Amino acid sequence: MPLISPAENLLAGLSDRQREAVIHTDGPLLIVAGPGSGKTRVMAHRVAYLIGEKGVPAWKILAVTFTNKAARELRERCERLVGHGSDELQVRTFHGFCSRVLRSDGEHVGLKPEFTIYDTDDQARVARRILDEFDIDPKQFPPRALLGIISDAKNNMRSPAQLERRTETYRDEVASRVYAAYEGALQRANAVDFDDLLLKTYMLLEGFPEMLEKYQTRFDHLLVDEFQDTNPLQFQVARMLALKSQNICVVGDPDQSIYSWRHADPTNLTDFQSTFKDTKIVTLDQSYRSTQIILEAADSVIGNNDGRMEKNLWTENDRGTRISVAEAYNEDEEARLVLEAAANLKSQDGIGRNEVAIMYRVNAQSRAFEVACNREGIPYRLVGGVKFYDRKEVKDVLSFLRLAANPADDAALERIINVPTRGISAKTVAELRRVAITNNVPILDVILDISRVQSGDEDPPAYYAELATRALKSVSAFGDLITRLIEQSMALDTNELIDLIVEHSGYGAMLREDKERGEERMENLQELKASAEQFAGSEERGQLTDFLENVALVSEVDGLQGGDDTDVEEEAITLITLHQAKGLEYDAVFLVGLEEGILPHSRSVDDPTQIEEERRLLYVGMTRARKRLNLFRAFQRRFRGQSGSTMASRFLQEIPDSLVTTRDIRGHSRVADRMPDPMWTKRAASTPAPESAGRTGDQFEAGDKVRHGTFGDGVVVSSSGTGGDTQVTVAFAGQGVKRLMLSFAPLEKVVEEESVRQFDPDEDEIEIQDPDLFAP
DNA sequence: GGCTTAGATATTTTT
DNA sequence: TATCTAAGCC
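Residues numbered from 1 in each chain as written. Chains lettered and ligands numbered in written order. Predicted model: local features only at pLDDT ≥ 70, side-chain atom pairs only at ≥ 80, totals over all residues. Heavy atoms only, no water.

> Would you take a moment to explain the overall build of chain A for this structure?
Counting its secondary structure elements, chain A contains 28 helices and 25 strands. Buried residues in chain A amount to 54% of all 776 residues. Across chain A, every contact between residues at least 6 apart in sequence was considered, and the portion connecting residues at least 24 apart equals 75%. With an accessible surface of roughly 34,700 Å², chain A has 47% of that area assigned to carbon and sulfur atoms. (Helix = DSSP H or I, 4+ residues; strand = E, 2+ residues; numbered from the N terminus. Buried < 20%, exposed > 50% of the residue type's maximum accessible area, 1.4 Å probe, protein only. Contact = heavy atoms within 4.5 Å. Areas by Shrake-Rupley, 256 points an atom, 1.4 Å probe, with all protein chains shown as cover.)

> Which parts of the structure should I look at to understand the protein's contact with DNA strand B?
Residues in close proximity to DNA strand B total 27 residues, the closest being Tyr259, Arg361, Thr421, Ser425 and Thr577. Backbone atoms, meaning sugar plus phosphate, form 51% of the atoms of DNA strand B positioned within 4 Å of the protein. Within the side chain of Trp261, a nitrogen or oxygen atom sits 3.5 Å from a base oxygen of DNA strand B. Here a phosphate oxygen of DNA strand B and a backbone polar atom of Ser425 are 3.0 Å apart. Along the lines of polarity and charge, the residues of the surface near DNA strand B split into 7 nonpolar, 14 polar and 6 charged. (Near = heavy atom within 4 Å. Polar contact = N/O pair within 3.5 Å; in protein donor to acceptor, adjacent residues only side chain to side chain. Nonpolar A, V, L, I, M, F, W, Y, C, P; charged D, E, K, R; others polar.)

> Quick question: what am I supposed to make of the side chain of Thr574 here?
Looking at the element boundaries, Thr574 is found in strand 14 (residues 573-577). Not counting residues up to four positions away in its chain, the partners in contact with Thr574 are Val356, Ala357, Ile358, Arg381, Val383 and Tyr586.

> It is not clear to me how the packing of aromatic side chains should be interpreted in this structure. Could you clarify?
The relation between two aromatic rings is expressed through the spacing of the ring centres and the mutual angle of the planes. As enumerated under the stated definition, the model contains 11 aromatic pairs in all. With 5.9 Å between their ring centres and 65° between their planes, Phe97 and Phe219 make a pair best called edge-to-face. A residue pair is termed long-range when its members are at least 10 positions apart, and Phe97 in helix 5 (residues 94-105) and Phe219 in the loop between helix 11 (209-218) and strand 6 (221-224) qualify at 122 residues. Under the relative-accessibility criterion, Phe97 is labelled buried at 6%. Judged by centre distance (5.9 Å) and plane angle (50°), the rings of Tyr463 and Tyr464 are tilted. Like Tyr464, Tyr463 is buried. An aromatic cluster is defined as three or more aromatic residues linked by ring pairs; in this entry it consists of Phe227, Phe235, Phe272 and Phe276. Geometry around Phe115 places Arg103 over its ring, the cationic atom sitting 3.8 Å from the centre. (Phe/Tyr/Trp six-rings, centres within 6.5 Å; stacked < 30°, edge-to-face > 60°. Lys NZ or Arg CZ within 6 Å of the ring centre and 35° of its normal.)

> So what exactly am I meant to see when it comes to helix 27 (residues 608-622) here?
Each turn of an α-helix holds 3.6 residues, which means side chains three or four residues apart point in the same direction. Compared with the 21 Å implied by 1.5 Å per residue over 15 residues, the 21 Å span of helix 27 between its first and last C-alpha is a close match. A large share of helix 27 lies buried, amounting to 12 of its 15 residues. Of the surrounding elements, those touching the buried residues of helix 27 are helix 14 (292-302), strand 12 (356-360), helix 26 (578-581), strand 15 (586-591) and strand 16 (625-634). Of the residues that open helix 27, the one with a side-chain oxygen 2.9 Å from the backbone nitrogen of Thr609 is Asp607. (Expected span 1.5 Å × (residues − 1).)

> Where do I start with the protein's contact with DNA strand C in this structure?
What surrounds DNA strand C is the set Arg128, Arg367, Arg640 and Gly641. Protein-proximal atoms of DNA strand C, defined as those within 4 Å of the protein, fall in sugar or phosphate at a share of 64%. Between DNA strand C and the protein, one listed contact pairs a phosphate oxygen with a side-chain N or O atom of Arg367 at 2.2 Å. Here the residues of the surface near DNA strand C are counted per class, giving no nonpolar, 1 polar and 3 charged.

> Is there a simple way to think about the packing of helix 10 (residues 194-207) against helix 12 (residues 232-242) in this case?
Each pair of packed helices can be described by the angle between their axes along with the distance between the axes. Where helix 10 meets helix 12, the closest approach of the two axes is 9 Å, and the angle between their N-to-C directions is 35°. You can see that helix 10 and helix 12 cross each other, and the crossing is left-handed. Taking contact as the criterion, the partners of Asp195, Leu198, Leu199, Thr201, Tyr202, Leu205 and Glu206 in helix 10 are, on helix 12, Leu233, Gln234, Gln236, Val237, Met240 and Leu241. Here the contact of helix 10 with helix 12 is built from residues that sort into 8 nonpolar, 3 polar and 2 charged. (Axes fitted to C-alpha atoms, helices over the stretch in contact; angles between N-to-C directions. Left-handed = near helix turned anticlockwise from the far one by under 90°.)

> I'm lost on unusual backbone geometry in this one. Help?
For residues that are not glycine, phi is negative in most cases, and the peptide bond is trans in most cases. A cis amide bond, omega -10°, links Val419 with the succeeding residue Pro420. With respect to the element layout, Pro420 can be found in the loop between helix 18 (410-416) and helix 19 (426-439). Following Leu599, the chain continues into Pro600 via a peptide bond in cis, with omega recorded as 5°. If you trace the backbone, Pro600 turns up in the loop between strand 15 and helix 27. At Asp135, a position not held by glycine, the phi torsion is positive, near 60°.

> Help me out: how do you make sense of the nonpolar core in this one?
Across soluble globular proteins, nonpolar side chains have a tendency to be buried as a group. Counting 51 residues, the largest nonpolar core has Phe478 and Phe547 as its most contacted members. In terms of residue count, helix 17 (residues 392-405) provides more of this core than any other element does, 8 residues in total. If we ignore the near neighbours within four places in the chain, the residues touching Phe478 are Leu403, Leu413, Ile416, Ile417, Arg422, Ile424 and Ile447. Listed in part, the 39 residues of the second largest apolar core include Val64, Leu199, Leu233 and Ile248. (Core = buried A, V, L, I, M, F, W, Y, C linked by side-chain atoms within 4.5 Å.)

> Before we go on, may I ask you to explain the pairing of strand 15 in this structure?
Consecutive side chains along a regular strand alternate between the two faces of the sheet. The element strand 15 is extensively covered by neighbouring structure, given that 6 of its 6 residues are classed as buried. Pairing between strand 12 and strand 15: 4 bridges, direction parallel. Residue Val356 lies in a different strand from strand 15, and its bridge partner there is Ala588. Across 5 bridges, strand 15 lies against strand 16 in parallel orientation. Bridged to Tyr586 within strand 16 is Ala625. Taking the sense of rotation as the criterion, the β-α-β connection linking strand 15, helix 27 and strand 16 turns out right-handed. (Pairing = 2+ DSSP bridges. Right-handed = clockwise from strand over helix to strand, strands pointing away.)

> What is the right way to read the environment of Gly352 from this model?
You can see Gly352 is positioned in the loop between helix 15 (331-349) and strand 12. On a C-alpha basis, the gap between Gly352 and Ala572 in space is 8.4 Å, while along the polypeptide they are 220 residues apart. Leave out the neighbours within four places in its chain, and Gly352 touches Lys346 and Glu571.

> Help me understand the pattern of salt bridges in this model?
Note on pairing: side chains with opposite charge can pair once their charged atoms come close. Per the stated rule, a full pass over the model turns up 49 salt bridges. Measuring nitrogen to oxygen at the nearest pair gives 3.6 Å for the salt bridge that ties Arg75 to Glu79. Here the residue Arg75 and the residue Glu79 both occupy positions in helix 4 (residues 68-82), the gap between them amounting to 4 residues, near one helical turn. A relative accessible area of 24% means that Arg75 is categorised as partly exposed. Since its relative accessible area comes to 31%, Glu79 is described here as partly exposed. Asp349 is the partner of Arg628 in a salt bridge, and the nearest nitrogen-oxygen pair spans 3.0 Å. Placement of the pair is Arg628 in strand 16 and Asp349 in helix 15, with a sequence separation of 279 residues. (Salt bridge = Lys/Arg side-chain N within 4 Å of Asp/Glu carboxyl O.)

What follows is the structure in structure tokens.
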């Protein structure tokens, strides 16, 4: 009997293509991996192969992912394959890796090792402060927009000076001025934003040959996951790291690029081939996940995008069930329909709640489902609600910790200088800030000076005249508090430090006063303490920075997830945005809100490039499903308080009829191609009354609100024919969609004040009668 | 200095 | 609809 070598064992069970990707270990490799094609598996096996067969030390391998979750998953799978000796394997997120580089070598680019990572909140705080300083109207130049421009510049490796040179509009000019000041502020605070983690690492590798050499030698093999989502900066960092060894393996799927609005540039995939000569390309196009029907439908949809890297997805899986497209009166009925169908899945197909996901385009859509779940008593998991670390009280206490770790952290200081209120007004803060900026020192320096003067150690400087005696006293007391905190941070574990903050800053007292939510908030602080405990025991100063870095870069905390009342262990339906669903899979997927303005989103409709991204978003959603895929739309949707009629998403037409079943609530199932519904099947199927036929007051048009003696209120979906022959399709609230002959059906038009969106199925161009309703 | 109120504003959000 | 901000008032 032949002995099975470890390599054979490792490669057993892989497809030819997968094996090819695993064993090509020398030189650049590009893996184009379709949904469900086993890319994580391939990456893990590749790592194991490098270690086990090629004798590469684990610590010489760097694998980079985008999310912590992906990193964790990959690490676990590698460990399972490799067993011992894989501890030193570097599996990190892009940001995590860069942060680590900068902690040890950031001095070259002006960073002290205990630098702070600013989140978007801090960034906004800095930006607002700068606008104030420059006397720029934040209404005219919203901080968010300016930060967007700055982020754009950073991700394209442009400095403030370079941005200024490219200035075309007044807005650009303002942005470049703010950018320069913003950089100054961060520099002064020994802080970086998320983009900086990448940018400064790039600058380090780019500007310091010995650093480049160091990190190029440090790693022999580089793997990059989700390569289609890399931005130019990330591409450059990866490129430089691998330039010497040429051993770089990137995995991606251009059809799943859904983050271009965050600077991701899928052309990196093609650029990769020109950057690294002799790149081997392996395409993984066999899906081990979805049924044939789901795959065909998804493929047909994505086929409408131009200039794709074509790949022919196939599967040995069953043909599967047809995709259902259901139509609801409004979002409440949509939710009811979905939950009903989900319940049926259990009895009919044995698919439990844990294997069901409801996916939507915008978070606001989750609401109807939460309400419905609560009403029906169905447990659900809402992905991406308010993050634990985003809670106010948590951020406040963290700001104290940040200040202890990095006394230059002005954003943290400004956040808590008057929380709880300790008699330091906005005006006082502004003055302290002004003095700090003038002297180019952190605000805390100014405050500590005041403390010293107050205790009679020094003579008062000139700016003292600007501050009231009472303010000086309060500021001095705050300075003493922080001084004590900094001292203690050298000696105490982080969790003990949290206790100290809560008890001595007045925060605990404030929460005990708060009868409404004080208790809950205090509990959150206890949670924070618990998460800090994991870092306790190690070298004091380092543990604080480590903890803070973890907070900044790891948004979720183990054991804290799950909806408010939903036990993590409990069987629950998942509510999730399409973006967040990437990389996940479920037996059954419900894609809801397939309407113009929702998917595709209204902000994307007039840009073909953005429409293509919306289509990819749908593609991602569809390919999350293993067995069942159900699409939903509502004829009417409340939007920002108002209600309006909707049009079917253009994407629905891109799914071949032969793969679809239309079904209404009560299970009357009808096959699409036998009974076309003009709202979403090919438009040729409907023959609306020509304009020349002359419209009477009784003429019904799509979007009209009507009332029926038996069925109640509804919305006209379409009408065809004239006079007594007129056939009207109406979606009734709670009754589903009905086709009615006007001559028999007692239909009455309901006249409403507000105009509604209407559409003419015969028009190719979409007409929006009231653009204000859905347009930005 | 903190509270109330009117007015504007509104995708997606891996880190 | 809900959420945030600036302004106005005690």
